[in-house]
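Observations on the model geometry
Listed below are the residues making up each chain.
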Amino acid sequence: MSVRQRHAVVAGAGIGGLTAALALTRQGWKVTVCERAEGPSAAGAGIVLAPNALRAFDAIGFDPAPGPGRAPAMAMCLRRPGGGRLNRADPAALAARYGRTPLALHRAALTAALAAGLPEGALRYGAAVTAVDGDEGRAVVRTTAGDLTADAVVAADGIHSPLRRRHFPQHPGLRYSGETAWRTVLPAAAVPAGVEAAETWGRGERFGTVPLADGGLYVYATAVVPEGYRPADVRTELLRRFGTWHHPVPALLERTDPARVLQHDLYDLAAPLPRLHHGRIAWIGDAAHAMTPNLGQGGCQAVEDAVVLAHLLARPDVPAALAAYTRARLARTDAIRVRARRAGRVAALGHPVAVAARDLVLRAVPARASLRALDDLFNGFALPGRAG
């Protein structure tokens, strides 16, 4: 007698959702990814895959690098607006401690590579998941393109997750961090020579650059502003705030196409979810534990979630596997969410005395100690039942 192939429905075709779909496919599941957008988007920005996310990808046999020798070795440098260095970790130290350096990619390139690994027809655009009914047996997944039945549902439906709101109605939801962010990617031809991965901290403002594996440059900036603040002219706003900062910040702003700049206010969850599963649904990524980008771990934790969830769903008992997923992921992801919030508060300081004290401390901390503080992030990924 043949054994019925189990079916998972994934709500959302972002990095977490596509990673979960690929990992489950490689576990032998049939997978349907339902994405509300009408098609893949070339918009977006960069993502830095830290060593923990790269190890998670290793666990499912997926290599996100675009090709051998193309990914630049990434340093991490922290500067002041005048150009003075506050701290730096070099690639050799990162590789020696964590076995590799972070890999920076355009988000669209990563999602395209993940989608390419899925069976034909697994990814359905224009199909938003609106509800999931039934906690016992198979779930009925309601979508705008028709109903599906599933043995498990992966809620990767983003920071404003409708499924989270529906199944955790008493949760307080999102909290505004006090900052907005502008993000864009400059093509390789527009990138000045010698630009390194760096973040510059001013008074309530930050500016960052990350070289991407394809030669482009991910550029981002943040500022403490009221929620919903939108300047009339993006270029004028960015030049006003950052136009006198150190090289190459003004040059990068001059080469930025305002029409390609994304602006989003930064939020995280006001409190942890009571659990990361309900019935046959499991939440991953921003839907599960939205966090501010201050540690660069939002996407990385989504990848970890997806790989751990798929690993546990190799078990025959789906509800037990989802309960094990909550036990494996809730404490780690919430600790990182809280840590990211605290790091953001330090980075966003605006009072001159507080900023001077912060910068003094950052200059005084040895590079080795700064790197050691990342151990629980970069070395923290492990599959349940396996060592390290």
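Residues numbered from 1 in each chain as written. Predicted model: local features only at pLDDT ≥ 70, side-chain atom pairs only at ≥ 80, totals over all residues. Heavy atoms only, no water.

1. A few points about the packing of aromatic side chains
Applying the stated criterion across every chain yields a total of seven aromatic pairs. One aromatic cluster is present, built from ring pairs that chain together Phe207, Phe242 and Trp245. (Phe/Tyr/Trp six-rings, centres within 6.5 Å; stacked < 30°, edge-to-face > 60°.)

2. Points about the environment of Arg88
With respect to the element layout, Arg88 can be found in strand E5 (residues 85–89). Among the residues examined, Arg88 registers a relative accessible area of 28% and is labelled partly exposed. Between the C-alpha atom of Arg88 and that of Arg368, which follows or precedes it by 280 residues, the distance is 9.6 Å. (Helix = DSSP H or I, 4+ residues; strand = E, 2+ residues; numbered from the N terminus. Buried < 20%, exposed > 50% of the residue type's maximum accessible area, 1.4 Å probe, protein only.)

3. Regarding the sheet that holds strand E10 (residues 146–150)
Taken together, three strands build an open sheet; the order of strands is E8-E9-E10 and the sheet is antiparallel. Whereas interior strands pair on both sides, the edge strands pair on one side only; in this sheet they are strand E8 (129–133) and E10. Each strand of the sheet is rotated relative to its neighbour by a mean of 25 degrees, with strand direction disregarded. (Pairing = 2+ DSSP bridges. Axes fitted to C-alpha atoms, helices over the stretch in contact; angles between N-to-C directions.)

4. Let's talk about unusual backbone geometry
For the bond from His247 to Pro248, the omega torsion is 5 degrees, close enough to zero to count as cis. Here Pro248 lies in the loop between helix H6 (234–242) and helix H7 (249–254).

5. A short note on helix H11 (residues 352–364)
End to end, H11 covers 18 Å across 13 residues, agreeing with the expected 18 Å (1.5 Å per residue, within 8%). Looking only at H11, the buried set comprises Val355, Arg358, Asp359 and Leu362. Down the axis of H11, the sector holding all buried residues measures 95 degrees, keeping them to one side. Turned more than 90 degrees from where H11 packs its buried face, Val353, Leu360, Val361 and Ala364 sit exposed. At its buried positions, H11 is contacted by strand E4 (76–79), E5, strand E13 (198–201) and helix H10 (318–347). (Expected span 1.5 Å × (residues − 1). Arc of directions from axis to C-beta. Contact = heavy atoms within 4.5 Å.)

6. Quick word on the pairing of E13
Where burial is concerned, the two faces of E13 agree: the one with Ala198 and Thr200 and the one with Glu199 and Trp201 are both buried. The sheet contact formed by E4 and E13 spans three bridges and is parallel. Within E13, the position partnered with Arg79 by the bridge is Thr200. As consecutive antiparallel partners, E13 and strand E14 (residues 205–211) are separated by three residues, and within that stretch Gly204 has a phi angle of approximately 75 degrees, a positive value.

7. Quick look at the nonpolar core
The biggest cluster of nonpolar side chains holds 82 residues, and the ones touching the most others in it are Leu49, Leu110 and Leu313. Top element by residues in this core is helix H9 (residues 298–312). It accounts for eight residues. In this structure Leu49 touches Leu54, Phe57, Pro64, Pro102, Leu103, Leu105, Leu110 and Cys300, once residues within four positions along its chain are discounted. (Core = buried A, V, L, I, M, F, W, Y, C linked by side-chain atoms within 4.5 Å.)

8. Focus: the sheet that holds strand E11 (residues 152–155)
Taken in spatial order, the six strands line up as E7-E2-E1-E11-E18-E17 in an open sheet, and their pairing is mixed. Of all strands in the sheet, those with a lone pairing partner are strand E7 (123–125) and strand E17 (277–278), marking the two edges. Where strand E2 (residues 30–35) and E7 come together, three bridges link them in parallel fashion. Each bridged residue has a counterpart across the sheet, and for Glu35 the counterpart in E7 is Tyr125. Relative to the sheet, helix H1 (residues 15–26) contacts strand E1 (7–11), E2 and E11, its axis offset from that of E2 by approximately 165 degrees. Running at roughly 20 degrees to strand E18 (residues 281–283), H10 makes contact with E11, E17 and E18 of the sheet.

9. What to know about the side chain of Arg164
Note that Arg164 resides in helix H5 (residues 162–167). Within the local environment of Arg164, its side chain forms a polar contact with the backbone oxygen of Asp286, the two atoms lying 3.4 Å apart. Those residues in contact with Arg164 that lie beyond four places of it in its chain are Gly158, Ile159, Leu174, Leu269, Leu273, Trp283, Asp286 and Ala287. (Polar contact = N/O pair within 3.5 Å; in protein donor to acceptor, adjacent residues only side chain to side chain.)

10. Focus: the pattern of salt bridges
Using the criterion set out here, one finds 24 salt bridges in the structure. Across the pair Asp151 and Arg4 runs a salt bridge, and its minimum N-O distance is 2.9 Å. Residue Asp151 is found in the loop between E10 and E11, and its partner Arg4 is found in the segment before E1; the two are separated by 147 residues along the sequence. Between Asp147 and Arg142 there is a salt bridge whose closest N-O contact spans 2.5 Å. Note on Asp147: relative accessible area 46%, which makes it partly exposed. On the accessibility criterion, Arg142 (30% relative accessible area) is partly exposed. Salt bridges linked by common partners bring Asp133, Arg142, Asp147 and Arg166 together as one network. (Salt bridge = Lys/Arg side-chain N within 4 Å of Asp/Glu carboxyl O.)

Keep in mind that these numbers describe shape and distance, not what the molecule does.
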